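For reference, the chains in residue letters:
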Amino acid sequence: MTETIRVVIVDDQELVRAGLRPLAERDGDISVIAEAADGRSGLSHVRELRPDVVLMDIRMPVMDGIEATQAIVADDALNGVRVLMLTTFDEDENVFAAIRAGAAGYLLKDVSPDDLRAAIRTVAAGDALLSPSVTAAVMRVVAEGHSPDPDGHGLDELTEREVEVLSGIGRGLTNDEIAAELFLSPATARTYVSRLLTRLEARDRAALIVLAYETGLVRPGGASRG
């Protein structure tokens, strides 16, 4: 039997919270265990209940979603909690800030109910959820020079194959797509991704995507550095 995915919704609009709960819970494999109207209250719920996924708004009173996400990511006791940003705003800086804060995914509130549930399942499984529009926003921010420290991160310590896998991650490829492109088995591709997470001290796949852009390994337009 599949375990139920436990979710906390953090949004300052009561109507939004009331609408998200039935949409998330419709198929029976997702359960909303708490709601909060600001980041500080949401963080308190998360620390107490340790959900699998937090649906987190960005702009809220008391404590915004970026600060709350940073606090969750910094807390070793909450290592298994994944944050899915859900907002009406799609400005590039917001997207980049959310991902750098440690969010595993970023969705706009006009997402379809099916895509919302799929996103919750994706991040609960430990994968990153970055839509093409979000990936494009990250690329634009990097291209405009807003990304700090473009030359570090220890890429010179990676093997050639690890760099190729990181490039594929940065271009938004799935593990299976990376395996096909590099003539690897899917299991081997997954092993390389896990190794990159460890070697680069990255929390999740989203962090690897940002790193690939920050270092110039992947450039706007999806091209890899030669």
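Up top is the structure.
Here we summarise the structure given alongside this text. (Residues numbered from 1 in each chain as written. Predicted model: local features only at pLDDT ≥ 70, side-chain atom pairs only at ≥ 80, totals over all residues. Heavy atoms only, no water.)

1. A closer look at the overall build of the protein chain
When its secondary structure is counted, the protein chain shows ten helices and seven strands. Each of the 226 residues in the protein chain was classed as buried or not, and the buried ones make up 47%. Within the protein chain, residue pairs in contact and separated by at least 24 positions form 67% of the contacts whose partners lie at least 6 positions apart. With the model as given, the accessible surface of the protein chain reaches about 10,800 Å², and the carbon-plus-sulfur share is 49%. (Helix = DSSP H or I, 4+ residues; strand = E, 2+ residues; numbered from the N terminus. Buried < 20%, exposed > 50% of the residue type's maximum accessible area, 1.4 Å probe, protein only. Contact = heavy atoms within 4.5 Å. Areas by Shrake-Rupley, 256 points an atom, 1.4 Å probe, with all protein chains shown as cover.)

2. Topic: the pattern of salt bridges
Using the criterion set out here, one finds 15 salt bridges in the structure. Across the pair Asp 11 and Lys 109 runs a salt bridge, and its minimum N-O distance is 2.6 Å. Of the two residues, Asp 11 is situated in the loop between strand E1 (5-10) and helix H1 (14-25) and Lys 109 in the loop between strand E5 (105-108) and helix H5 (113-124); the sequence distance between them amounts to 98 residues. Its relative accessible area of 24% is what places Lys 109 among the partly exposed residues. (Salt bridge = Lys/Arg side-chain N within 4 Å of Asp/Glu carboxyl O.)

3. Structural notes on the packing of helix H7 (residues 160-170) against helix H9 (residues 186-199)
In the contact formed by H7 and H9, the axes pass within 10 Å of each other and the chain directions differ by 95 degrees. Regarding the angle of H7 to H9, the classification is roughly perpendicular. Note on element contacts: H9 touches H7 through Tyr 192, Val 193, Arg 195, Leu 196 and Arg 199, opposite Arg 161, Glu 162, Val 165, Leu 166 and Ile 169. Partitioning the contact of H7 with H9 into residue classes produces six nonpolar, no polar and four charged. (Axes fitted to C-alpha atoms, helices over the stretch in contact; angles between N-to-C directions. Parallel < 35°, antiparallel > 145°, perpendicular 65-115°, else oblique. Nonpolar A, V, L, I, M, F, W, Y, C, P; charged D, E, K, R; others polar.)

4. Section: the sheet that holds strand E4 (residues 82-87)
Two orientations exist for strands paired in a sheet by backbone hydrogen bonds: parallel and antiparallel. Spatial strand order, E2-E1-E3-E4-E5: five strands in an open sheet with parallel pairing. Two strands close off the open sheet at either side, each with one partner strand: strand E2 (30-36) and E5. Between one strand and the next, the sheet's axes are offset by a mean angle of 25 degrees, whatever the strand orientation. Sheet analysis places E1 next to strand E3 (residues 53-56), joined by four bridges and oriented parallel. (Pairing = 2+ DSSP bridges.)

Just geometry here; none of it tells us what the structure is for.
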